[in-house]
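# Tertiary structure, described
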Amino acid sequence: MDSSVYVFAEDLRGEGVERVLDRVSGYGVSGVTVGAVHHATRDVTPHGLSRLTVRHDAAHFAAPPDLFAGLRLKPVAGHADALDGLRDACAERGLRLHGWAVFLVNATLGARHPDVTVRDCFGDRGAPADLCPAHPDVRAYAAALARAVARLGVDSVVAESLHFGPFRPERSFVPLGPMDAYLLGLCFCDYCMTRAADLGVDAEMAREECAGIVGRVLDGDAPAQGEVTRAALTAYAGPDVVAYARARSETVTTLVSEVASAVAGEGSRLVFVDSTGAVKGAADGLPTPGLAAHDAWQLGIDLVALGDLVPGFGVLAYARDAARVADDVGAYLRSVGKDREVRAVVRPGHPDSDSADRLAAKVRAARAAGAAAVDFYAYGLAPHTVLDRIPAALAR
């Protein structure tokens with residue numbers, strides 16, 4: 001079974017390429033998925049050069065000038081030498097190399113160019129890290145970035161956040177139900193509204209409905225209860241809002257198609273990672289009931305359409321329960337097609353896996369459900385004692 005370990009550029013810089021790859025090879029995996037482009041975050045790193053690592057929005061390679069000439073958005077420069085020697089070192093150990101890139105989460109670019117970020121139903125641009133996939137400058141940037149990662153000589157470009165993002169307030173002392181939060185997270189920038197209108201949607205009516213509903217909750221009305229489903233959203237917000245939400249899939253599908261073509265043009269292949277699994281279960285490994293494949297539409301993702309365009313998919317199987325991992329993998333395969341490569345991404349330790357047996361059970365479940373690969377997230381975030389569970393999990 002194919003497999004890899006996710007590795008950050010800071011892991012390679014802090015511990016050294018040779019040392020990290022020697023450890024990864026010892027886990028019995030067949031590859032490494034390296035963070036070539038990442039977003040800003042602050043992580044506890046138990047065996048890193050620093051025990052608390054501050055990551056910045058950055059591309060950890062020298063951006064090819066020909067790809068970004070004339071583009072308004074350009075990669076934020078990171079550690080340009082972080083991946084030096086990595087490809088050859090992987091080849092020496094018989095490891096495949098996958099280039100992992102976070103595309104549309106970038107607060108640095110958002111702060112420099114606020115107009116390329118999402119705009120909510122009130123007209124606010126309150127999510128500076130969320131680049132809108134409908135904006136032409138963002139789309140051009142994404143295609144060029146994909147080409148740049150592919151030119152690193154990777155076996156695949158693993159694309160994270162190549163879709164609309166979820167609503168992520170840092171604080172809210174107003175209780176928002178899931179549907180209220182969803183409405184507040186919809187983008188109503190000019191490009192999104194124009195695309196929806198071109199599909200026959202009354203975009204302005206949808207915006208007004210969202211502003212009215214969320215505004216009343218912010219004024220003290222009781223929030224909506226229950227999970228977000230199309231039926232519940234229709235009853236709560238009306239058909240114009242649901243039609244607007246559906247229209248977002250055209251934006252994402254065409255963007256992913258452009259990126260997949262760009263990657264293929266550089267001799268590599270795209271693996272599309274849907275963040276829905278993380279939205280549902282990242283915090284505690286106890287995802288809400290709806291399967292990720294069934295809820296992906298909320299981020300503008302049409303898995304059936306993407307199944308005709310993309311060769312590989314990453315399923316963020318962030319769940320403690322092995323049966324849930326199997327259910328998520330199975331639902332993805334039914335959506336994208338049995339001939340597509342589906343890679344289950346699991347966390348070998350906290351909060352999903354409290355033992356080697358639990359991790360092994362999830363790997364078995366993913367394999368039995370039809371996953372072509374299991375990837376482990378992530379080297380720098382887990383203690384060595386946790387990473388040492390991987391060989392046994394793959395062997396069982």
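Placed above this text is the structure.
Quick look at the structure, then. (Residues numbered from 1 in each chain as written. Predicted model: local features only at pLDDT ≥ 70, side-chain atom pairs only at ≥ 80, totals over all residues. Heavy atoms only, no water.)

What follows deals with the side chain of R248. By the secondary structure assignment, R248 is in helix α11 (residues 239-265). Comment: no salt bridge for buried R248; closest opposite-charge side chain is D130, at 9.2 Å. (Helix = DSSP H or I, 4+ residues; strand = E, 2+ residues; numbered from the N terminus. Buried < 20%, exposed > 50% of the residue type's maximum accessible area, 1.4 Å probe, protein only. Lys, Arg positive; Asp, Glu negative; His and termini not counted. Salt bridge = Lys/Arg side-chain N within 4 Å of Asp/Glu carboxyl O.)

Moving on to helix α15 (residues 322-336). Taking 1.5 Å per residue, 15 residues should reach 21 Å; α15 reaches 21 Å between its end C-alpha atoms and fits that length. Burial runs high along α15: 11 of the 15 residues are buried. Looking at α15, one finds that the buried residues are A322, R324, V325, D328, V329, G330, A331, Y332, L333, S335 and V336. Two residues or fewer past α15, G337 is found with a positive phi of approximately 110°. (Expected span 1.5 Å × (residues − 1).)

In this section: the side chain of D57. Tracing the sequence through the fold places D57 in the loop between β4 (52-55) and β5 (58-59). Buried within the structure, D57 lacks any salt-bridge partner; its nearest side chain of opposite charge belongs to R112, at an N-O separation of 8.6 Å. The residues contacting D57, other than those within four sequence positions of it, are H38, H39, A40, V76, V105, N106, A107 and T108. (Contact = heavy atoms within 4.5 Å.)

Moving on to the pattern of salt bridges. Taken as a whole and judged by the stated rule, the model has 25 salt bridges. The closest approach of N and O atoms between D43 and R55, which form a salt bridge, is 2.7 Å. With a gap of 12 residues between them, D43 in strand β3 (residues 41-44) and R55 in strand β4 connect regions that are remote in the sequence. R55 shares its class with D43; the two are buried. Salt-bridge contacts for R269 lead to E341; the nearest nitrogen and oxygen are separated by 3.1 Å. Taken together, the residues R269 in the loop between α11 and β8 (270-274) and E341 in strand β10 (residues 341-346) connect sequence positions 72 residues apart. Look at R269 and you get partly exposed, because its relative accessible area is 29%. Connected through shared salt-bridge partners, D2, R96, R269, E341, R343 and D375 make up one network.

Along the polypeptide, H98 turns up in strand β6 (residues 96-102). Overall, H98 belongs to the buried group, its relative accessible area being 5%. For H98, the residues in contact, after removing those within four places along its chain, are S4, V32, T33, V34, V154, D155, S156, V158 and R343.

In the segment running from H350 into P351, the intervening peptide bond is cis, with an omega of 0°. With respect to the secondary-structure elements, P351 resides in the loop between β10 and α16 (356-369). Cis peptide bonds are those with omega within 30 degrees of zero, and the linkage from Y377 to A378 qualifies with 0°. Notably, S161 is not glycine yet its phi reads approximately 60°, a positive angle. Tracing the sequence through the fold places S161 in the loop between β7 (156-160) and α7 (178-185). The class of S161 is buried, set by a relative accessible area of 8%.

Bringing the packing of aromatic side chains into the picture now. Tallied over the entire structure, the rule returns nine aromatic pairs. Here the aromatic rings of F8 and W100 are separated by 5.4 Å at their centres, their planes lie at 55°, and the arrangement is tilted. Remark: W100 occurs in strand β6 and F8 occurs in the loop between β1 (2-7) and α1 (9-15); sequence separation between them is 92 residues. Among the residues examined, W100 registers a relative accessible area of 2% and is labelled buried. Ring geometry for Y318 and Y377: centres 6.4 Å apart, planes at 35°, overall tilted. (Phe/Tyr/Trp six-rings, centres within 6.5 Å; stacked < 30°, edge-to-face > 60°.)

Another point: helix α9 (residues 203-218). Each full turn of the α-helix corresponds to 3.6 residues, which orients residues three or four apart in the same direction. Along its 16 residues, α9 runs 22 Å from first to last C-alpha, staying within 8% of the 22 Å computed at 1.5 Å per residue. When α9 is considered as a whole, its buried residues turn out to be A203, A206, C210, A211, I213, V214, G215 and V217. Packed against the buried residues of α9 are α7, α8 (190-198), α10 (230-237) and α11. With its phi angle positive at about 125°, G220 sits one or two positions after the end of α9.

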